[in-house]
There are 2 protein chains.
Amino acid sequence: MAVPETRSEQLARALEDDICAGRALPGMRLDEQVLAQRFGTSRTPVREALKMLAAQGFVEIRPRQGAVVVGLDVRQVLELFEIMAVLEGLCARLAARRMTPAERADLMAVHAECQRLAVAGDPDTYYAMNTRFHEVIYAGSHNRQLEEETRRVRNRLSPYRRNQLHQLGRVAKSVQEHDDVVRALLEGDADRAETLMRRHIGIQGDGLSDFVSNMSMPQAVSNPQPVLAGTLGRPTIVR
Amino acid sequence: MAVPETRSEQLARALEDDICAGRALPGMRLDEQVLAQRFGTSRTPVREALKMLAAQGFVEIRPRQGAVVVGLDVRQVLELFEIMAVLEGLCARLAARRMTPAERADLMAVHAECQRLAVAGDPDTYYAMNTRFHEVIYAGSHNRQLEEETRRVRNRLSPYRRNQLHQLGRVAKSVQEHDDVVRALLEGDADRAETLMRRHIGIQGDGLSDFVSNMSMPQAVSNPQPVLAGTLGRPTIVR
DNA sequence: AGTCATCTTCATGCATGCAAGACAGTCGAT
DNA sequence: ATCGACTGTCTTGCATGCATGAAGATGACT
C-alpha cells in the first residue's frame, strides 16, 4: 500500500486545492521559482505539476511567459455550467437505478443534514454539506469515469461558485430542489431524477441567471496580480 | 500569430495522436529515453508531455515504474460511453438551436457524403467522414468547453472504436441514425436531437450497461507489451 | 527443483546548469 | 511629450547529472 506519491503529484494536488479553495485567484501568476521555494523543491516537479494542471484546464501556460490561474469569462462559465448540468444529470439518472441500500441511506442522511444546516447554519457550512450531497450522488452512479469527470468540471467552476449561496433565499431553494431530486432517486425514477438534477444545476432554474447577474468575476484577468504566496508579483498582460 | 509551441506540447500532441490512431496500443510501455531519442530531445520535455497525457487520462504513470498507455477494461469503456452519450447529446441539443445557416449547410453536406460513403466506401473512409459529421455538431453547439471535453472523451475511446464499424450492418445503421439526428437538428427540435444522439452513441437500452457496470471485471492487460517504436520492451506488470 | 535473499543493472525522479526569449527601463528621435 | 529602438535583467525551456528504488539475475538454502 501507501503508493509513494511523487513531488509533482503532491504539488499538483496542492495547487489545484489552492485554486478550488479560492486561495489562488484567477489571473494569478504562478511563478516557478517562488513555488519551488515555497514547497522546498526544485523547479522541475513544479513545472511538471503546472503542466498537469494546464492539461486539465486549471492553469494556462503561455510559452515563455509563465503559468497563470485560468480566468474564465462569463461565457465560459456558462458553457461549463451547461456541461455540468448534463453530467450531474447523468449521475442522478444512473444513481436512481444503481445506488445500494447503504448509499441510499447515506444520501438521506446527508440530505437531512443539509436541511438542518439550511436553516441553522451559515452558507459556508451549508456549502460544504451541499458538496457532500452531490458527491454521494456521483458515487451512486457507480461510474468512476463519470465521477472523476464531473468532479473535475465542478472544481474548475468552484472559484466562481463560492458566493453563490450567499444570495438571499438561494440556500432554501437549493435544499428544496435537493428534496425533489432525492425523492426521484429513492423512487428509482431515473428520468425524473435526471431532469430535476439538470434543472438544479443548469440554466433552466433561475438559480443560474441569478448567479450570473451577481457573479463577481474573481479578477477577470488583465490586471496585475500578486504571485501566490510571494511578493514578487509581476504584472500580467493578457492577450 | 504562430504561437511558438514548446517541445513538450508537440510531444504531447504527437503521443496523443499515436494513441488515438492505434499506433500506440493500450498497455504499451512509453520509455522516456526511447521517446527522447525518437523525437531528438532530452527526457525533460518527454516527461512533461507524459505528465500532461496522464492528467488527461491517456497514459498512466506509476511512480518509478514508467508510463504506460492506459488500458481500459470493458467496464471502463462502457462508463466512458455513458459519458459520451450525454455529451454528444448535449452537443446536438445546443446545435439544434444554435447552428448558423452556414453550419447547417455544412452539416447537410457532410451527412450527404456519409450517405454516399456508406454504400460506396470502405468502413475506414466512412469512419473518417463519420468523425467529421460529429465534429460539425460539436462546433454547432457553440460551446467551446463542451467541444473540447467531448473531443477528449472521444479520443480516449478511439482505440476501442476502431473496429466498431467493421461490424456487419453497423455502417448502414449508423448513417440511418445520423439521418434522424440531422432531421431533428434542422427542424430545431432540441429535445429530439438530444434524445436521438444519445441513442446513437450509447449502448442501446440501459439494460446491458447496467449489467456490466455492476459486475466486477478482472484486470485487463497484464502481459508484456512492446515499447513504442523500440525494441527494448520490458515486461509490464500491472498492479 | 523450488524458494528466498542478495546483487547488479537500469529507469525514473529530482536538482542543477545554461541559452533564448520576454519584459522593463533608458535613451534618442520626432 | 509620445513613440520607438536598445539594453539589461530575469524567467522560462530544455539539457544534463546524480541518487533512489525497481526489475531481473545470480546464488544459497530448504
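Reading the values: the criteria
- Residues numbered from 1 in each chain as written.
- Chains lettered and ligands numbered in written order.
- Predicted model: local features only at pLDDT ≥ 70, side-chain atom pairs only at ≥ 80, totals over all residues.
- Heavy atoms only, no water.
- Near = heavy atom within 4 Å.
- Polar contact = N/O pair within 3.5 Å; in protein donor to acceptor, adjacent residues only side chain to side chain.
- Helix = DSSP H or I, 4+ residues; strand = E, 2+ residues; numbered from the N terminus.
- Least-squares fit on C-alpha atoms with pLDDT ≥ 70 in both.
- Contact = heavy atoms within 4.5 Å.
- Buried area = accessible area lost by both parts, 1.4 Å probe.
- Salt bridge = Lys/Arg side-chain N within 4 Å of Asp/Glu carboxyl O.
- Nonpolar A, V, L, I, M, F, W, Y, C, P; charged D, E, K, R; others polar.
- Pairing = 2+ DSSP bridges.
- Axes fitted to C-alpha atoms, helices over the stretch in contact; angles between N-to-C directions.
- Parallel < 35°, antiparallel > 145°, perpendicular 65-115°, else oblique.
- Left-handed = near helix turned anticlockwise from the far one by under 90°.
- Buried < 20%, exposed > 50% of the residue type's maximum accessible area, 1.4 Å probe, protein only.

Engineer: Is there a simple way to think about the protein's contact with DNA strand C in this case?
Structural biologist: In the vicinity of DNA strand C, 20 residues are found, and the nearest of them are A:R7, A:S42, A:T44, B:R47 and B:R64. By atom count, sugar and phosphate contribute 67% of the portion of DNA strand C lying within 4 Å of the protein. With respect to DNA strand C, the backbone of A:R7 contributes an N or O atom lying 2.5 Å from a phosphate oxygen. Separating a phosphate oxygen of DNA strand C from a side-chain N or O atom of A:Q65 is a distance of 3.1 Å. Elements with a contribution of two residues or more to the surface near DNA strand C: α1 (7-20) and α3 (43-55) of chain A together with α2 (32-39) and α3 (43-55) of chain B.

Engineer: What's the story with the relation of the copies chain B and chain A in this structure? I'm lost.
Structural biologist: Here the two chain copies are tied together by a rotation about an axis and a shift along that axis. Between the two copies, chain B and chain A, the superposition gives an RMSD of 0.1 Å; the rotation angle is 180° and the shift along the axis is 0.0 Å. Interpreted geometrically, this transformation is the action of a two-fold axis. When each C-alpha of chain B is compared by its distance to the rotation axis, B:M52 comes out closest, at 2.4 Å.

Engineer: I'm lost on the interface of chain B and chain A in this one. Help?
Structural biologist: Many structure descriptions define interface size as the accessible area lost when the parts assemble. Contacts between chain B and chain A engage 39 residues on the former and 35 residues on the latter. Carbon and sulfur atoms make up 48% of the surface buried where chain B meets chain A, a total of about 3200 Å² over both sides. When residues of chain B are sorted by the area they lose upon contact with chain A, B:E48, B:K51 and B:Q145 head the list and together hold 19% of the total. Summed over the shared surface of chain B and chain A, the result is eight salt bridges. Linking chain B with chain A are 24 residue pairs in polar contact (both at pLDDT 80 or more), by the criterion used here. Ranked by the residues each element gives to the side of chain B that touches chain A, the list is headed by helix α4 (residues 74-98) of chain B, at twelve residues. A class-by-class count of the residues in the side of chain B that touches chain A yields twelve nonpolar, ten polar and 17 charged.

Engineer: It is not clear to me how the protein's contact with DNA strand D should be interpreted in this structure. Could you clarify?
Structural biologist: Inspection of the region around DNA strand D gives 21 residues, with A:R47, A:R64, B:R7, B:S42 and B:R64 positioned closest. Here the atoms of DNA strand D within 4 Å of the protein split so that 67% fall in sugar or phosphate, with bases taking the remainder. Here A:R29 contributes a side-chain N or O atom positioned 3.3 Å from a phosphate oxygen of DNA strand D. A:R64 is positioned with one of its side-chain polar atoms (N or O) 2.5 Å from a base oxygen of DNA strand D.

Engineer: Got a minute to help me understand the pairing of strand β3 (residues 66-69) of chain B in this structure?
Structural biologist: Residues in a regular strand project their side chains so that they alternate between the two faces of the sheet. All names here are of chain B. With two bridges joining them, strand β1 (residues 29-30) and β3 adopt antiparallel strand pairing. Looking across to β3, one finds that R29 is bridged to V68. Between strand β2 (residues 59-62) and the antiparallel strand that follows it, β3, lie three residues; R64 among them carries a positive phi value of about 70°.

Engineer: What should I look at first to understand the packing of helix α7 (residues 144-161) of chain A against helix α7 (residues 144-161) of chain B in this one?
Structural biologist: Any two packed helices are characterised by the angle at which their axes cross and by the distance between the axes. For the pair α7(A) and α7(B), the least separation of the axes is 14 Å and the interaxial angle reads 155°. The angle between α7(A) and α7(B) falls in the class roughly antiparallel. Seen along the crossing, α7(A) lies across α7(B) with a hand that is right-handed. The residues of α7(B) that touch α7(A), namely those facing A:Q145, A:E149, A:R152 and A:R156, are B:Q145, B:E149, B:R152 and B:R156. Each residue belonging to the contact of α7(A) with α7(B) can be placed in one class, and the counts come to no nonpolar, two polar and six charged.

Engineer: I keep staring at the sheet that holds β3(B) and nothing clicks. Help me out?
Structural biologist: All names here are of chain B. If you trace the three strands from one edge of the open sheet to the other, you get β1-β3-β2, paired in antiparallel fashion. Since the sheet does not close on itself, it has two edges, and those belong to β1 and β2, each with one partner. Contacting β1, β2 and β3, α3 crosses the sheet at an angle of about 115° to β2.

Engineer: Looking at this model, I keep getting lost on unusual backbone geometry. Mind explaining?
Structural biologist: Most peptide bonds adopt trans geometry, and most residues besides glycine take a negative phi value. In this model, A:H142 sits at a positive phi of 55°, which is unusual for a non-glycine residue. For A:H142, the location among the structural elements is in the loop between α6 (123-140) and α7.

Engineer: I'm lost on the pattern of salt bridges in this one. Help?
Structural biologist: Pairing between side chains becomes possible if they bear opposite charge and their charged atoms approach one another. The full count for this structure, using the stated rule, is 50 salt bridges over all chains. In this structure, A:R43 and A:E32 form a salt bridge, with 3.0 Å as the shortest nitrogen-oxygen distance. With A:R43 in helix α3 and A:E32 in helix α2 (residues 32-39), this residue pair connects regions lying eleven residues apart in the sequence. The partner of B:R183 in a salt bridge is B:D179, with the nearest N and O atoms 2.6 Å apart. Of this pair, B:R183 and B:D179 both sit in helix α8 (residues 170-187), four residues apart, which is roughly one turn of that helix. A relative accessible area of 43% means that B:R183 is categorised as partly exposed. One connected set of salt bridges, linked through shared partners, spans A:R93, A:D191, A:E194, A:R198, B:R93, B:D191, B:E194 and B:R198.

Distances and angles like these do not, on their own, reveal function.
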